Amino acid sequence: MSARGKARRVLVVQGHPDPRPERFCRALAKAYAEGARAGGHEVRELDVAALEFPVLRRRDDWATEAPTPDIRSAQLLLAWADHIVIVHPLWLGAMPALLKAFLEQAFRPGFAFAYLEGGGSTMLLKGRSARVVVTMGMPGLVYTWFYRAHSLKSFARNVLGFCGIHPVRSSVVGMVESPHPEHRERWLERMRGLGRRAD
C-alpha cells in the first residue's frame, strides 16, 4: 500500500533504449514493479524500446497528426495510472533521445494539456504523481550538487509539472559501473521499498 494506505495504479516506464536485459535500468524497473505488486498495487509496465513511432520533425505533426497505435496505447496507460515511474540512464547530460522522442509523441496537446482561447494552457494529467529514476556513471552527488541535476529538474518542471503531474520525486543512482555488487543490491532493495509504498 502507499503511504496513505491505499492501493494505487502504478505504471513503470522503462526508458532505456537498449533492450538487452543486463542494463541496470531494467533491473531497477523490475525491482520497483516487484515491490509495488508485493505492496498490493496494480502494476503495468511500458518499455519504450519496444515501441514503434517516428521522430517528430514539425510542430504541425505534433499538434495535429494522429498518434501511432503504440503511442495511443501508451497514452491509455498514462491516463490509467495514478503514479508513473520513469527509469532512464543519463546520456550526455540528459535522457536518451529515444525517450525524449517518446515523450514528444505521447505528451501531445489534447492529451497531456490543452491550449486555452486567448492564450495559456490547462493541465490534463492532474491527480497523478511520478518518480523519475536516473542512472549514471558519475557519483550521484556530483550530478546533484555540481551539475545541479539540471536535466532532471527540467524534466520534472517543464514536462511532468507542466501537464499537472505532482509531486514528482526522484532517485539519482550513481556509480552504476561500480565493481561492488552490494552497491547495486542496495539500490534494488531501495526500489522494492519505494514500490511497496508506490512512492
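Everything below is about the structure printed above this text.
This structure is a prediction, so every number in the text was calculated from the model and none was measured.

*Asks:* Explain helix 1 (residues 24–38) here, please?
*Replies:* Spacing of three or four residues puts side chains on the same side of an α-helix, whose turn is 3.6 residues. Helix length check: helix 1 (15 residues) gives 21 Å between terminal C-alpha atoms against 21 Å at 1.5 Å per residue, within 8%. The complete set of buried residues in helix 1 reads Phe 24, Cys 25, Arg 26, Leu 28, Ala 29, Ala 31, Tyr 32, Ala 33, Gly 35 and Ala 36. Residues of helix 1 that are buried in the fold lie against strand 1 (9–14), strand 2 (42–47), strand 3 (83–89), strand 6 (129–135), strand 7 (168–173) and helix 7 (181–197). Within two residues after helix 1, Gly 40 carries a phi angle of roughly 90°, on the positive side.

*Asks:* What is the right way to look at the pairing of strand 6 in this model?
*Replies:* Two faces make up the sheet, and in a regular strand the side chains alternate between them. Burial analysis of strand 6 places seven of its seven residues in the buried class, the great majority of the element. Of the two faces of strand 6, both are covered, the one formed by Ser 129, Arg 131, Val 133 and Thr 135 as well as the one formed by Ala 130, Val 132 and Val 134. Across seven bridges, strand 3 lies against strand 6 in parallel orientation. Bridge pairing in strand 6 links His 88 to Val 134. Here strand 6 runs beside strand 7; their pairing, made up of six bridges, is parallel. By the bridge assignment for strand 7, Thr 135 is matched with Val 173.

The rules behind the values
- Position labels on residues start from 1 in each chain and follow its written sequence.
- Local features in this predicted model are restricted to residues of pLDDT 70 or higher, and side-chain atom pairs are both shown and tallied only at a pLDDT of 80 or more, whereas totals for entire chains, interfaces and linings draw on every residue.
- Calculation of side-chain values draws on the structure's entire complement of heavy atoms; hydrogens and water are dropped beforehand.
- Comment: elements are numbered from the N terminus, with helices defined as DSSP H or I runs of at least four residues and strands as E runs of at least two.
- Take the number of residues in a helix, subtract one, and multiply by 1.5 Å to get its expected span.
- The buried label applies to any residue whose accessible area, calculated with a 1.4 Å probe on protein chains only, is under 20% of its type's maximum; exposed applies above 50%, and partly exposed to all values in between.
- Note on contacts: a residue pair qualifies if any of its non-hydrogen atoms lie within 4.5 Å across the two residues.
- For two strands to pair, DSSP has to find at least two bridges joining them.

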